[in-house]
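Below are the chains, spelled out letter by letter.
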Amino acid sequence: MLGCFGLTEIDRDMTLPMEVITTGLAYLILPVTASGLERAQIVTDDLEARLAQIGAKFAYVLDARNREGRTWDNLGRVEDIATGSAAGPVAGYLVKHGLARAGVEMLLRQGRFVGRPSEMRVMVDDDGILLSGNVRMIARGEFDPATVRSTPGGSDSAARAS
């Protein structure tokens, strides 16, 4: 899997396992060094198929020591700045491997490599996983129902009227 991200064994944090973890959406947690995290990028066009073979939908490249990670769409076109669906699996992974304690809030960082550093606060306890963070409006849009087209078999009233 390292090769899918342009990485080699020297980039891997050998003290931790690669592992598929899910809290609803399965992520391959790929532990790397700080320099490996910096160099990581998707360099293969079949990542989704490779992940499916091991029961994962996405991969999260993690510098566990600094609690910073990266993830992309599976084609590598868009890097996410704060991935809530990955924060739960990452927090569980860190607790499982003794790098965080249950019941204690931890800070996960993401987005620095695309110029939008983000922080997510996560806590694992007996009741589950709590995720929080601040957000900032960066765009606003409006939905114009007059421009909506109905899909075949759909029930859009504007499409029925036309």
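### Looking at the overall build of the protein chain
Right, so step 1: Regarding its fold elements, the protein chain presents 4 helices and 7 strands.
Right, so step 2: Helices and strands appear in the protein chain in the N-to-C order β-β-α-α-β-β-α-β-β-β-α.
Right, so step 3: Based on the C-alpha atoms only, the size of the protein chain along its principal axes is roughly 65 × 35 × 30 Å.
Right, so step 4: Residue burial in the protein chain is summarised as follows: out of 162 residues, 35% are buried.
Right, so step 5: For the protein chain, the proportion of contacts with a sequence separation of at least 24, taken over those separated by at least 6, is 59%.
Right, so step 6: Here the protein chain has roughly 9,600 Å² of accessible surface; of this, 51% comes from carbon and sulfur atoms.

### Examining the pairing of strand β3 (residues 58-63)
Right, so step 1: Taken across its 6 residues, β3 has 5 buried, putting it largely inside the fold.
Right, so step 2: In terms of strand pairing, strand β2 (residues 26-31) meets β3 through 5 bridges, oriented parallel. For L30, the partnering residue across the bridge sits in β3 and is V61.
Right, so step 3: Pairing of β3 with strand β4 (residues 68-70) involves 3 bridges; the strand directions are antiparallel. Looking at β4, one finds that D63 is bridged to E68.
Right, so step 4: The hairpin formed by β3 and β4 contains 4 residues between the paired strands, and R67 there has a positive phi angle of roughly 50°.

### Some details on the pairing of strand β1 (residues 19-22)
Right, so step 1: Taking every second residue as pointing to the same face, the buried face of β1 carries E19 and I21, while none of V20 and T22 on the other face is buried.
Right, so step 2: Strand direction decides the pairing type here: β1 and β2, joined by 4 bridges, are antiparallel. Counterpart to E19 in the pairing with β2 is I29.
Right, so step 3: The turn joining β1 and β2, which pair antiparallel and follow one another in sequence, is formed by 3 residues; a positive phi near 135° is taken by G24.

### Notes on the sheet that holds β2
Right, so step 1: The 7 strands lie next to each other as β1-β2-β3-β4-β5-β6-β7, forming an open sheet whose pairing is mixed. Each end of this open sheet is capped by a strand with a single partner; those strands are β1 and β7 (128-132). Looking at each pair of strands side by side, their axes are set apart by 35° on average, direction ignored.

### Details of the environment of L130
Right, so step 1: Within the fold, L130 resides in strand β7.
Right, so step 2: The exposed category is assigned to L130, whose relative accessible area is 53%.
Right, so step 3: Once the C-alpha coordinates of L130 and L51 are considered, the two residues, 79 residues apart in sequence, prove to be 26 Å apart.
Right, so step 4: Excluding residues within four positions of it along the chain, L130 makes contact with R121, V122 and M123.

The rules behind these values
Residues numbered from 1 in each chain as written. Predicted model: local features only at pLDDT ≥ 70, side-chain atom pairs only at ≥ 80, totals over all residues. Heavy atoms only, no water. Helix = DSSP H or I, 4+ residues; strand = E, 2+ residues; numbered from the N terminus. Buried < 20%, exposed > 50% of the residue type's maximum accessible area, 1.4 Å probe, protein only. Contact = heavy atoms within 4.5 Å. Areas by Shrake-Rupley, 256 points an atom, 1.4 Å probe, with all protein chains shown as cover. Pairing = 2+ DSSP bridges. Axes fitted to C-alpha atoms, helices over the stretch in contact; angles between N-to-C directions.

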